[in-house]
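Letter by letter, the chains look like this.
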Amino acid sequence: VAIFTVLPVDTLVTTVSGGMDIRKSGTAYAILLGLNSFGGTVGGVVAGFLVKFFGLDGANWSALPKWIVAAAAFKLIILPMLCLVPGGAASEQAQGRSSQASRSFREPHAE
């Protein structure tokens, strides 16, 4: 199950760092993976505090529905941070790649 949560993040990190200048892509990849690891550590610490707060001790599971709702709500915290992502950078890069691919595909037929 854990691999299905890690793969999208690894794909995002690889795509972002691969889209950078060749001299900076390795550094960007290392920084982004470091931030991903730091986020996982912080998430584990916060989850530990929340488990104690909700009283989930392995014997009493009455607060489990509250835990599930809280965990889902915390995953939504990332949504307001989407405004920090540059809007046109990824789409312009993708359009540039697709136009280059379509030009190279059409050139042999243009003769």
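Everything numeric in this text was worked out from a predicted model, so none of it was measured.

Quick look at the overall build of the protein now. The number of helices and strands found in the protein is four helices and zero strands. Taken from N to C terminus, the helices and strands of the protein fall in the order α-α-α-α. The buried share of the protein, taken over its 111 residues, is 8%. Roughly 9000 Å² of accessible area belongs to the protein as shown, and the carbon and sulfur atoms make up 71% of that amount.

The subject of this paragraph is the packing of helix 2 (residues 25-54) against helix 3 (residues 64-75). At a minimum axis separation of 11 Å, helix 2 and helix 3 run at an interaxial angle of 150°. With respect to helix 3, the axis of helix 2 lies roughly antiparallel. Seen along the crossing, helix 2 lies across helix 3 with a hand that is right-handed. Each of Ala47, Leu50, Val51 and Phe54 in helix 2 lies in contact with helix 3, whose residues at this interface are Lys66, Trp67, Ala70 and Phe74. Its residues placed into classes, the contact of helix 2 with helix 3 shows seven nonpolar, no polar and one charged.

Here the focus is the pattern of salt bridges. Throughout the structure, instances matching the rule amount to one salt bridge. Ionic pairing is found between Asp21 and Arg23, a salt bridge with its closest N-O pair at 2.9 Å. What makes Arg23 exposed here is its relative accessible area of 72%.

For the structure on display, the rule yields two aromatic pairs. Considering the side-chain rings of Phe53 and Phe54, the 5.4 Å spacing of their centres and the 75° angle between planes classify their relative orientation as edge-to-face. Looking at Phe53, the relative accessible area reads 65%, which means it is exposed.

Bringing the environment of Phe54 into the picture now. Checked against the element boundaries, Phe54 lands in helix 2. A sequence separation of 13 residues divides Phe54 from Trp67, and the C-alpha atoms of the two residues are 6.9 Å apart.

Mean pLDDT for the protein: 76, with 73% of residues reaching 70 or above. Mean pLDDT values over the elements of the protein span from 53, in helix 4 (residues 89-110), up to 88, in helix 3.

On the surface, Phe74, Leu76, Ile77, Ile78, Leu79, Met81, Leu82, Leu84 and Val85 cluster together into a nonpolar patch covering about 920 Å² of accessible area. Relative to the assigned elements, Met81 resides in the loop between helix 3 and helix 4.

We now examine helix 2. Compared with the 44 Å implied by 1.5 Å per residue over 30 residues, the 42 Å span of helix 2 between its first and last C-alpha is a close match. Within helix 2, the full set of buried residues consists of Ser25, Ala28 and Leu50. Positive phi shows up at Gly55, right after helix 2, with a value of about 75°.

Structurally, Leu56 is set in the loop between helix 2 and helix 3. On the basis of relative accessibility, which here comes to 11%, the residue Leu56 falls in the buried class. Sequence separation between Leu56 and Trp67 is 11 residues, and the spatial gap between their C-alpha atoms is 8.6 Å.

Here is what the cut-offs are and how they apply
- Residues numbered from 1 in each chain as written.
- Predicted model: local features only at pLDDT ≥ 70, side-chain atom pairs only at ≥ 80, totals over all residues.
- Heavy atoms only, no water.
- Helix = DSSP H or I, 4+ residues; strand = E, 2+ residues; numbered from the N terminus.
- Buried < 20%, exposed > 50% of the residue type's maximum accessible area, 1.4 Å probe, protein only.
- Areas by Shrake-Rupley, 256 points an atom, 1.4 Å probe, with all protein chains shown as cover.
- Axes fitted to C-alpha atoms, helices over the stretch in contact; angles between N-to-C directions.
- Parallel < 35°, antiparallel > 145°, perpendicular 65-115°, else oblique.
- Left-handed = near helix turned anticlockwise from the far one by under 90°.
- Contact = heavy atoms within 4.5 Å.
- Nonpolar A, V, L, I, M, F, W, Y, C, P; charged D, E, K, R; others polar.
- Salt bridge = Lys/Arg side-chain N within 4 Å of Asp/Glu carboxyl O.
- Phe/Tyr/Trp six-rings, centres within 6.5 Å; stacked < 30°, edge-to-face > 60°.
- pLDDT = per-residue confidence, 0-100.
- Patch = residues over 30% accessible without salt bridge, like charges linked within 9 Å, V, L, I, M, F, W, Y side chains within 5 Å.
- Expected span 1.5 Å × (residues − 1).

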